[in-house]
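Overview (structure and organization)
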Amino acid sequence: MEVKGNQPDPPLLARQLLVFTGKGGVGKTVVSTAFALMAARRGVRVLLAEVRSPRRAPALLGLTPHKNGPQTLAQGLTWMNFTPDTALETYAMKLLRFKSVYRAVFEQRAVRRFLRAVPALSEILVLGHLVYLLTDDDAYDLAVLDAPSSGSGAIMLQAPQKAMDGAPSGALYEGAAWIQELLSDARRCAVNQVVLAEELPVSEAIFLHHRIRDELRLPLGVLFVNRVLADPFAGLQVPDRDIDAICRAMREQPDGRGPGGACAILRARLRRQGVYLD
């Protein structure tokens, strides 16, 4: 994992919560899992959190997911798939203390339907469960949150503030404010984006960057550019125009076959990639 540009201050590994988001299909889960594994190998106790996902992270490391976790993926790395139902049970048990009371109150269908109908409550439950594990449990130094893609991820991150605006007092306000305190603290949290060096992902990343900074007012972290093509010509002491001429000559062979076409396509992709990386 190569890092270019200015290093964030404080460093990412010094914070408690790192959120990873980005356009669907850019490899967000791959990057967040790789980052979590890298942190664990440096001695950080990491919780890798997916949200209502098909449980992809364990499979990336060659493991079969054990329900929604918690599951140890490597030394110092624990994985969980967070769902509103699990989060609700965690909170209710924390408040009510007895499982019989939890079942009597929250396992009624009417109560379940009501809770699902409350705007942003599922997002608040999931974030609250994660923050609870970070702040009330000494098991983890860092949580890496593989958040939903761009728009859905922004809605999740905006949920605590929306709840505070809609309920200026009471238990919902207090819970949302507790989550928002961590999300908005640049010493403890950072929202990172994963992007490809392609037109649509870059355009969406620029839009989301401004939304996170100006609308959500959350601390920005690092932009991770995934699937960057290595330039096999970078070490050659040959001008670009000569490399292009060689590619054209190879493509103009009588049989029309050979590596020339692939060479030309690669050169074109490297140029487009360079534009978006700049």
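Use the structure listed above.
Attention in this report is confined to the structure presented alongside it. (Residues numbered from 1 in each chain as written. Predicted model: local features only at pLDDT ≥ 70, side-chain atom pairs only at ≥ 80, totals over all residues. Heavy atoms only, no water.)

1. Some words on helix α1 (residues 28-41)
As a reminder, the rule being used: Secondary structure elements are defined from DSSP: runs of H or I of at least 4 residues count as helices, runs of E of at least 2 residues count as strands, and each element is numbered from the N terminus. In this scheme, a helix's expected span is set at 1.5 Å multiplied by one less than its residue total. Note on exposure labels: buried denotes an accessible area under 20% of the residue type's maximum, exposed denotes more than 50%, and partly exposed covers the range between, all computed with a 1.4 Å probe on protein chains only.
The end-to-end C-alpha distance of α1 is 20 Å, a good match for the 20 Å that 14 residues give at a rise of 1.5 Å each. Within α1, 10 of the 14 residues are buried, leaving the element largely enclosed by the surrounding structure. Restricting attention to buried positions, one finds in α1 the residues Lys 28, Thr 29, Val 31, Ser 32, Thr 33, Phe 35, Ala 36, Leu 37, Ala 39 and Ala 40.

2. So, the nonpolar core
What counts is decided by this rule: Definition used in this section: a nonpolar core is a set of buried Ala, Val, Leu, Ile, Met, Phe, Trp, Tyr and Cys residues joined via side-chain atoms within 4.5 Å. A contact between two residues is defined here by any heavy atoms of the two lying within 4.5 Å.
Of all hydrophobic cores here, the largest spans 34 residues; its most connected members are Leu 17, Phe 82, Leu 130, Leu 145 and Leu 183. Considering every element that reaches this core, the biggest residue donor is helix α6 (residues 121-135), with 7 residues. In contact with Leu 183, not counting residues within four places along its chain, are Leu 17, Leu 127, Leu 157, Pro 160, Cys 189, Leu 218 and Pro 219. Counting 23 residues, the second-largest nonpolar core is a separate cluster that includes Phe 20, Ala 40, Leu 48 and Leu 73.

3. Describing the packing of α6 against helix α7 (residues 150-166)
Put simply, the rule reads: Interaxial angle, 0 to 180 degrees, is taken between N-to-C directions of lines fitted to C-alpha atoms, where a helix line uses only the stretch in contact. Angles below 35 degrees are treated as roughly parallel, those above 145 as roughly antiparallel, those between 65 and 115 as roughly perpendicular, and all remaining angles as oblique. Here the term charged refers only to Asp, Glu, Lys and Arg, the term nonpolar to Ala, Val, Leu, Ile, Met, Phe, Trp, Tyr, Cys and Pro, and the term polar to all other amino acids, Gly among them.
Interaxial distance between α6 and α7 falls to 8 Å at its minimum, and their mutual angle equals 105 degrees. Classified by the angle between their axes, α6 and α7 sit roughly perpendicular to one another. Counted together, Glu 123, Ile 124, Val 126 and Leu 127 of α6 and Met 156, Ala 159, Pro 160 and Ala 163 of α7 form the full contact between these two elements. Of the residues belonging to the contact of α6 with α7, the class tally is 7 nonpolar, no polar and 1 charged.

4. Quick word on the pairing of strand β1 (residues 17-21)
Here is the rule we go by: At least two DSSP bridges between two strands are needed for those strands to be called paired.
Of all the 5 residues making up β1, 5 are buried; the element is thus mostly covered by neighbouring parts of the structure. One ladder, built from 4 bridges, connects β1 with strand β5 (residues 142-146); its direction is parallel. When the sheet's bridge partners are listed, Leu 18 is paired in β5 with Val 144. Relative to strand β6 (residues 189-196), β1 runs parallel, the two being bridged by 5 bridges. Bridging from a neighbouring strand, Leu 17 pairs with Cys 189 of β6.

5. Quick word on the packing of aromatic side chains
We apply this condition: Any Phe, Tyr or Trp ring, taking Trp's six-membered ring, that has another such ring centre within 6.5 Å forms a pair; planes under 30 degrees apart are called stacked, those over 60 apart edge-to-face, and the others tilted.
Per the counting criterion, the structure on display carries 3 aromatic pairs. A ring pair is formed by Phe 20 and Phe 224, whose centres lie 5.3 Å apart and whose planes are at 40 degrees; its orientation type is tilted. Note that Phe 20 is positioned in strand β1 and Phe 224 in strand β7 (residues 220-226), a separation of 204 residues in sequence. Just as Phe 20 is buried, Phe 224 falls in that class too. In textbook terms, an aromatic cluster arises when at least three aromatic residues are bridged by ring pairs, as seen for Phe 20, Phe 35 and Phe 224.

6. A short note on the packing of α6 against helix α8 (residues 171-183)
Just so we agree on the cut-off: Crossing chirality is assigned from the near helix's rotation relative to the far helix, an anticlockwise turn below a right angle marking it left-handed and a clockwise turn marking it right-handed.
The geometry of α6 relative to α8 is characterised by a closest axis approach of 10 Å and an angle of 60 degrees between their N-to-C directions. Relative to α8, α6 is oriented oblique. Regarding α6 and α8, the two cross each other, and that crossing is left-handed. Contacts between α6 and α8 involve Leu 121, Ile 124, Leu 127, Gly 128, Val 131, Tyr 132, Leu 134 and Thr 135 on the former and, on the latter, Leu 172, Trp 178, Ile 179, Leu 182 and Leu 183. The residue makeup of the contact of α6 with α8, split by class, is 11 nonpolar, 2 polar and no charged.

The values reported here are purely geometric and, on their own, carry no functional implication.
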